[in-house]
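# Secondary and tertiary structure notes
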Amino acid sequence: MDNIGHYLVVDLEATCSNDGSIPRDKMETIEIGAVMVEAESLQPVDEFQSFIRPVRYRQLSDFCRELTSITQQEVDAAEGFCQVFSRFVQWSVGFADPLFCSWGDYDRHQLRQDCAHHGTAYPFGDEHLNLKAQFSKNLGIRKRLGMAKAIRRIGLELTGTHHRGIDDARNIARLLPHIVR
């Protein structure tokens, strides 16, 4: 992981249910939130946010709408995965040497799953920084904290709406100095 010019901090929201009606391997991304952070200064330099219209389970569950605050109207009006993902990738490659980062492995796994379902190449390679694991390692604790608990652990307050991709990506970006330094 040498030659990191930027940290690409990604947080996704996906279709979900709390009753088993949407299997894990059929979940689809409905929001990409990303913050590009300059590696040297650890300052955010740009953001990407977009909703995505799902195709497998077009109707968001009550649980999903309550958890994410994403409305049915927002996803109905959104472009499909391929269009949004293409814009996201084009945006990300505009920055020197970005390293894909997320809080845990879920987001990388979900994007790979979406790419496979839509027949789109996954462009980020194998390099990925699991910020959740690195945060725990740096603190010398076994338990891997959720992002909101990690924010509180270092004395910050959560900003925005938890479980909204762009707001969670912004909060995760705020944790970077406590993870990569």
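Here, the structure is the one placed above.
The following paragraphs examine the structure supplied in this document. (Residues numbered from 1 in each chain as written. Predicted model: local features only at pLDDT ≥ 70, side-chain atom pairs only at ≥ 80, totals over all residues. Heavy atoms only, no water.)

## Thoughts on the pattern of salt bridges
Put simply, the rule is: Salt bridges are counted wherever a side-chain nitrogen of Lys or Arg sits within 4 Å of a carboxyl oxygen of Asp or Glu. Numbered from the N terminus, helices here are DSSP runs of H or I no shorter than four residues, and strands are runs of E no shorter than two. Each residue gets one of three labels from its accessible area relative to the maximum for its type: buried under 20%, exposed over 50%, partly exposed in between, using a 1.4 Å probe on protein chains only.
Under the criterion given, the structure shown has seven salt bridges. A salt bridge links arginine 170 to glutamate 47; its shortest N-O distance comes to 2.8 Å. On the criterion of sequence distance, the pair formed by arginine 170 in helix α7 (residues 165-175) and glutamate 47 in strand β3 (residues 44-51) is long-range, its members being 123 residues apart. Given a relative accessible area of 34%, arginine 170 falls into the partly exposed group. Take glutamate 47: its relative accessible area is 35%, and that puts it in the partly exposed class. In this structure, the salt-bridge partner of aspartate 105 is arginine 108, at a minimum N-O distance of 3.6 Å. Exposure remark for aspartate 105: the relative accessible area of 40% places this residue in the partly exposed category. Among the ionic contacts, a cluster of salt bridges with common partners joins Glu47, Asp167 and Arg170.

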